[in-house]
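Observations on the three-dimensional arrangement
As a plain string of letters, each chain reads:
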Amino acid sequence: MIGGPEAYAIAIDARLIAQAAELLEACRARGETIVTAESCTGGLVAATLTAVPGSSEVFERGFVTYANAAKSEMLGVPYWLIERHGAVSEDVARAMAGGALTHSQASLAVAITGIAGPDGGTPEKPVGLVYFAAARRDSPIIYEMVLFGHLGRTEIRRRSVERALALLSSLL
């Protein structure tokens, strides 16, 4: 079994669904639409948003760009940027958010790239390090770095979804 039982845990809970429902309602009221660009969360932000009935009025699409090549091919993140700063970096998160807007019709974007673990961390970029970027079309991209620490893969991913939804809400 790859990754053990934790690898199969569902990170979406009722509190996240309620947070997503509030965000979707606020977007609906303002005529906003959402695109996601996800790496370490593997589509959990999109899954959380689409767990809410009626989300298709607001959720435009989601990009799951787990591999570096996918970040470049699907979102237009330059390879040199990934090579210079690493996939887990502010620069790549910003490029993912911008690329998500460029490759969609959505008005709001959120991007996430990080190290959920249990492996893959280094002293410079430890497990639990996650970069977020959120953007409104034709506005500056906002960015946030969070070091969740060794909370376990599922909890890091769950908290990343929670933070991504909060960042999208801050754009409204």
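Our subject in this report is the structure included herewith.

The rules behind each value
- Numbers given for residues are sequential positions, taken from 1 along each chain in its written order.
- Local features are withheld for residues below a pLDDT of 70 in this predicted model, meaning they are given only at 70 or higher, and side-chain atom pairs are given and counted only at 80 or more; totals for whole chains, interfaces and linings count all residues.
- Values shown for side chains rest on all heavy atoms present in the structure; no hydrogens or waters enter the calculation.
- Each axis is a line fitted through C-alpha atoms, taken for helices only over the stretch in contact, and angles between the N-to-C directions span 0 to 180 degrees.
- For helices the rule is a DSSP run of H or I covering at least 4 residues; for strands it is a run of E covering at least 2, with both sets numbered from the N terminus onward.
- Any angle that is under 35 degrees is reported as roughly parallel, and any over 145 degrees as roughly antiparallel; angles of 65 to 115 degrees are reported as roughly perpendicular and all others as oblique.
- By convention the crossing between two helices is left-handed if the near helix lies anticlockwise of the far one by an angle smaller than a right angle, and right-handed if it lies clockwise.
- By definition in these notes, contact holds between two residues if any of their heavy atoms fall within 4.5 Å.
- When accessible area is computed with a 1.4 Å probe and restricted to protein chains, residues below 20% of their type maximum are described as buried, those above 50% as exposed, and intermediate ones as partly exposed.
- Only strands joined by at least two bridges in the DSSP assignment are considered to pair.
- Any helix carries an expected span of 1.5 Å times its number of residues minus one.
- Buriedness for pockets is judged along seven lines, at least five of which must meet protein on both sides within 12 Å for an open set on the 1 Å grid over protein atoms alone, while cavities are sets there where a 1.4 Å probe fits but cannot get out, and lining residues have an atom within 4 Å of a point.
- Grid points are joined across faces, edges and corners, and a volume is the space filled by probe spheres set on the points.
- Three residue categories are used. Nonpolar comprises Ala, Val, Leu, Ile, Met, Phe, Trp, Tyr, Cys and Pro, charged comprises Asp, Glu, Lys and Arg, and polar comprises the others, including Gly.

Looking now at the packing of helix H1 (residues 14-30) against helix H6 (residues 153-170). Each pair of packed helices can be summarised by the angle the axes make with each other and by the distance between the axes. At a minimum axis separation of 10 Å, H1 and H6 run at an interaxial angle of 15°. One element, H1, and the other, H6, form an angle in the roughly parallel class. Both H1 and H6 take part in a crossing whose hand is left-handed. Facing H1, whose interface residues are Arg 15, Leu 16, Gln 19, Ala 20 and Leu 23, H6 presents Arg 158, Val 161, Glu 162, Leu 165, Ala 166, Leu 168 and Ser 169.

Below, the discussion takes up the pairing of strand E3 (residues 108-114). Counting buried positions over the 7 residues of E3 gives 7, a clear majority of the element. Burial along E3 is two-sided: Leu 108, Val 110, Ile 112 and Gly 114 facing one way and Ala 109, Ala 111 and Thr 113 facing the other are all buried. Judged from the 5 bridges that link them, strand E1 (residues 34-38) and E3 form a sheet pairing that is parallel. Across the sheet, the residue bridging to Val 35 is Ala 109, located in E3.

For the rest of this paragraph, the subject is the environment of Leu 49. Examined against the element boundaries, Leu 49 turns out to sit in helix H2 (residues 44-50). We classify Leu 49 as buried; its relative accessible area is 0%. For the pair formed by Leu 49 and Leu 23, sequence separation is 26 residues and the distance between their alpha carbons is 8.8 Å. Among all residues touching Leu 49, those that are not within four sequence positions of it are Ala 20, Leu 23, Leu 24, Ile 34, Thr 36, Ser 55, Phe 59 and Leu 165.

This brings us to helix H5 (residues 90-102). Relative to the 18 Å expected for 13 residues at 1.5 Å per residue, H5 spans 18 Å between its end C-alpha atoms, a close match to the ideal helical length. Buried within H5 are the following residues: Val 92, Ala 93, Met 96, Ala 97, Gly 99, Ala 100 and Leu 101. Each element contacted by the buried residues of H5 is listed here: E1, strand E2 (59-64), helix H3 (68-75), helix H4 (79-85), E3 and strand E4 (129-136).

Before going further, it helps to spend a moment on the layout of surface pockets. If you roll a probe as big as a water molecule over the atoms, it shows you where there is empty space left. Taken as a whole, the largest pocket holds about 170 Å³ of empty space. For the largest pocket, the lining is made up of 14 residues, of which Cys 40, Tyr 66, Gly 114, Ile 115 and Ala 116 are closest to its centre. Classifying every residue of the lining of the largest pocket by side-chain character gives 6 nonpolar, 5 polar and 3 charged.

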